[in-house]
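The lines below spell out each chain.
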Amino acid sequence: MEPTRRQGPNGAAESPAEDVQKAVEAAVWAPSVHNTQPWSFSRRGSRITVRADPDRRLAVADPGGREMLISCGAALLTLRVAVRRLGYEPQVRLLPDPDRPNLLADVVLGARIAESEDDRLLYEQIRRRRTHRGGFPPGGDVPPPLRARLEMEARQEGAELQAVEDPHALRALAALTEAAENLQRLDAPYRRECARWSPRPGSSRPEGVHAETYPRGEPRTEPYHFPGRDFARGHDWGTDPGKTGGRGAVTGLVMLITTSGDTPGDWLGAGQALQRVLLRAAEKDVAAAFHTQPLEIPELRELIRRRFCGGRYPQMLLRLGRAGAEPESVRRPADQSMTEDF
Ligand SMILES: Cc1cc2nc3c(=O)[nH]c(=O)nc-3n(C[C@H](O)[C@H](O)[C@H](O)COP(=O)(O)O)c2cc1C
């Protein structure tokens with residue numbers, strides 16, 4: 001996408017409508033839990049309003065809407081990156097009306113700014129970033145300077161990104177993920193909900209986790225095995241695990257995103273931190289696998305908070321590594337997430 005450079009006599013864009021459309025088209029490529037895309041956008045003048053779409057919340061896995069708001073936070077960060085790329089300073093008001101909890105943010109296309117190399121680089125990762133599933137090919141470690149950079153990116157959005165390196169902690173987190181995955185597989189309402197968001201191969205639904213995006217046969221990650229979600233539900237669905245799922249596929253760098261509080265504002269912050277980290281990592285060809293199963297079970301989340309996060313609230317559990325080309329996931333056309341103000 002080329003940024004719009006039309007300028008009115010006082011330096012403002014003649015019509016921001018087209019720019020808003022472009023920014024929303026970028027924002028919908030944010031990650032979201034089960035690819036639910038639980039957001040909507042509307043425009044009035046040069047103001048974009050971001051809302052959560054509670055009809056898309058996972059009622060069983062995410063009754064409090066925490067993951068829905070993390071997903072919306074990721075979309076908000078993406079919107080901010082796109083607005084900057086289009087040449088405006090985004091002015092953001094988070095949760096502008098306490099009586100309307102689904103109203104998440106107002107983003108105004110503010111003063112004109114010159115394009116920076118950093119804005120361009122981040123923007124270019126929006127479509128390149130993809131969720132990884134399964135192990136990583138060995139030898140693709142995240143170098144310490146990149147790790148430090150990612151930690152800084154998370155801090156910039158008010159969250160912490162912390163690496164887990166102690167082998168006992170890694171074994172315990174992997175075991176808790178496995179326990180959570182097994183508990184969820186035992187839970188019929190959870191299974192039905194996951195099935196609703198994992199379409200059969202060949203489906204043309206523009207949402208949910210499709211078989212092209214996960215490896216077949218639940219490959220192990222070594223030396224610490226973090227099981228993936230059961231999107232295939234016992235079917236022989238998924239792609240050839242190849243290098244990433246074969247023998248020797250590695251766990252990668254395990255990281256937690258944490259926040260000091262656990263309010264909707266913290267969840268939105270965690271989502272923005274997540275997407276900033278993912279975009280910066282993608283710039284260096286590093287991808288993330290997500291394991292949020294244990295954070296969906298309150299007792300396990302509380303244990304992780306106390307034992308591995310120094311009392312801070314765990315919002316995301318990730319593995320980072322270099323994976324090569326990942327299949328692109330699907331999205332609803334941007335028009336379908338825009339409401340009537342447009
Ligand atoms: C809050 C949140 C939780 C997620 N949890 C998982 C998870 O446990 N397992 C998984 O495979 N992917 C998880 N994902 C990744 C989504 O499934 C993914 O973003 C979505 O399918 C769209 O694909 P893409 O990221 O490749 O564009 C999560 C994403 C978010 C934002």
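Parameters and conventions
- Residues numbered from 1 in each chain as written.
- Predicted model: local features only at pLDDT ≥ 70, side-chain atom pairs only at ≥ 80, totals over all residues.
- Heavy atoms only, no water.
- Helix = DSSP H or I, 4+ residues; strand = E, 2+ residues; numbered from the N terminus.
- Expected span 1.5 Å × (residues − 1).
- Buried < 20%, exposed > 50% of the residue type's maximum accessible area, 1.4 Å probe, protein only.
- Arc of directions from axis to C-beta.
- Contact = heavy atoms within 4.5 Å.
- Pairing = 2+ DSSP bridges.
- Axes fitted to C-alpha atoms, helices over the stretch in contact; angles between N-to-C directions.
- Salt bridge = Lys/Arg side-chain N within 4 Å of Asp/Glu carboxyl O.
- Core = buried A, V, L, I, M, F, W, Y, C linked by side-chain atoms within 4.5 Å.
- Domains from an automatic or database assignment.
- 1 Å grid on protein atoms, 1.4 Å probe; cavity = no way out; pocket = protein on both sides within 12 Å on 5 of 7 lines; lining within 4 Å.
- Points joined across faces, edges and corners; volume = space filled by probe spheres on them.
- Disulfide = S-S within 2.5 Å.
- Buried area = accessible area lost by both parts, 1.4 Å probe.

## Quick notes on helix α4 (residues 144-156)
Taking 1.5 Å per residue as the helical rise, α4 with its 13 residues ought to reach 18 Å, and the 18 Å between its terminal C-alpha atoms agrees with that figure. Those residues of α4 that sit buried are L146, L150, E151, E153 and A154. Looking down the long axis of α4, one finds its buried residues gathered within 155° of arc, a one-sided arrangement. With respect to the buried face of α4, the exposed residues turned more than 90 degrees away are P144 and P145. Close packing links the buried residues of α4 with β5 (160-164), β6 (253-259), α8 (264-283) and β8 (313-321).

## Overview of the sheet that holds strand β1 (residues 39-44)
What the four strands build is an open sheet, ordered β1-β2-β4-β3; its pairing is antiparallel. The open sheet is flanked by β1 and β3 (88-94), the only strands paired with a single partner. Each neighbouring strand pair of the sheet contributes to a mean axis angle of 25°, computed without reference to strand direction. Pairing of β3 with strand β4 (residues 103-112), which is carried by six bridges, proceeds in the antiparallel orientation. Opposite R93, over in β4, you have D106 as the bridge partner. In this fold helix α1 (residues 17-27) packs onto β1, β2 (47-52), β3 and β4, with an angle of close to 170° to the strand it touches most, β1. Strands in contact with helix α2 (residues 66-85) are β1, β2, β3 and β4; relative to β3, the strand with the most contacts, it is inclined by about 155°.

## Side note on the pattern of salt bridges
Applying the stated criterion to the full structure yields 34 salt bridges. The residue E328 makes a salt bridge to R130 at a minimum N-O spacing of 3.4 Å. Of this pair, E328 sits in the segment after β8 while R130 is found in the loop between α3 (117-128) and α4, placing the two residues 198 residues apart along the sequence. Residue R130 is classed as partly exposed on the basis of its relative accessible area, which comes to 25%. One salt bridge in this structure joins R220 and E222, with 3.5 Å as the shortest N-O distance. Judged by its relative accessible area of 46%, R220 falls in the partly exposed class. Since its relative accessible area comes to 35%, E222 is described here as partly exposed. Here the salt bridges share partners, and the residues they tie into one network are R80, D118, R149, E153, E157, R276, R280, E283 and K284.

## A word on the nonpolar core
Ranked by size, the top nonpolar core spans 59 residues in total, and within it V24, F41, I48, L79, I257 and L320 carry the most contacts. Sorting elements by how many residues they give to this core places α2 first, with 12 residues. Each of domain 1 (17-129) and domain 2 (144-321) gives at least three residues to this core. Look past the residues within four positions of I257 in its chain and what remains in contact with it is A159, E160, L161, A270, L274, Y313, P314, Q315, M316 and L318. Judged by nonpolar contacts, the second largest core, of 17 residues, contains V164, L256, L295 and L300.

## Here's the deal with the sheet that holds β6
Taken in spatial order, the four strands of this open sheet run β5-β6-β8-β7, and their pairing is antiparallel. Two strands lie at the open edges of the sheet, namely β5 and β7 (287-290), each paired on one side alone. Going across the sheet, the axis of each strand differs from the next one's by a mean of 35°, ignoring polarity. Bridge count between β5 and β6: five bridges; the pairing is antiparallel. For E160, the partnering residue across the bridge sits in β6 and is T258. On top of the sheet, α4 reaches β5, β6 and β8; it is set at about 145° to β5, its chief contact.

## Notes on the layout of surface pockets
Its boundaries defined by the atoms lining it, the second largest pocket holds a volume of some 260 Å³. Along its surface, the second largest pocket is lined by 17 residues, and R128, D285, A287, G324 and E326 are the ones closest to its centre. Contributions of two or more residues to the lining of the second largest pocket are made by α3, α8 and β7. Looking at which domains feed residues into the lining of the second largest pocket, each of domain 1 (17-129) and domain 2 (144-321) supplies at least three.

## Some words on the state of the cysteines
Put plainly, a disulfide is one covalent bond tying together the sulfur atoms of two cysteines. One pass over the full model with this rule turns up zero disulfides. Free of any disulfide, C72 has its nearest neighbouring cysteine sulfur in C194, separated by 19 Å.

## Brief notes about the domain arrangement of the chain
Partitioning the chain into domains gives domain 1 (17-129) and domain 2 (144-321). Placing a centre on the C-alpha atoms of domain 1 and another on those of domain 2 gives a separation of 21 Å. Of the residues lining the interface, 36 residues belong to domain 1; the matching set on domain 2 comes to 39 residues. Approximately 3100 Å² of surface area, both sides summed, lies buried where domain 1 meets domain 2, with 62% of it carried by carbon and sulfur atoms. Broken down residue by residue, the surface that domain 1 buries against domain 2 is led by H34, R66 and I70, which jointly contribute 24%. Our enumeration of links across domain 1 and domain 2 arrives at four salt bridges.

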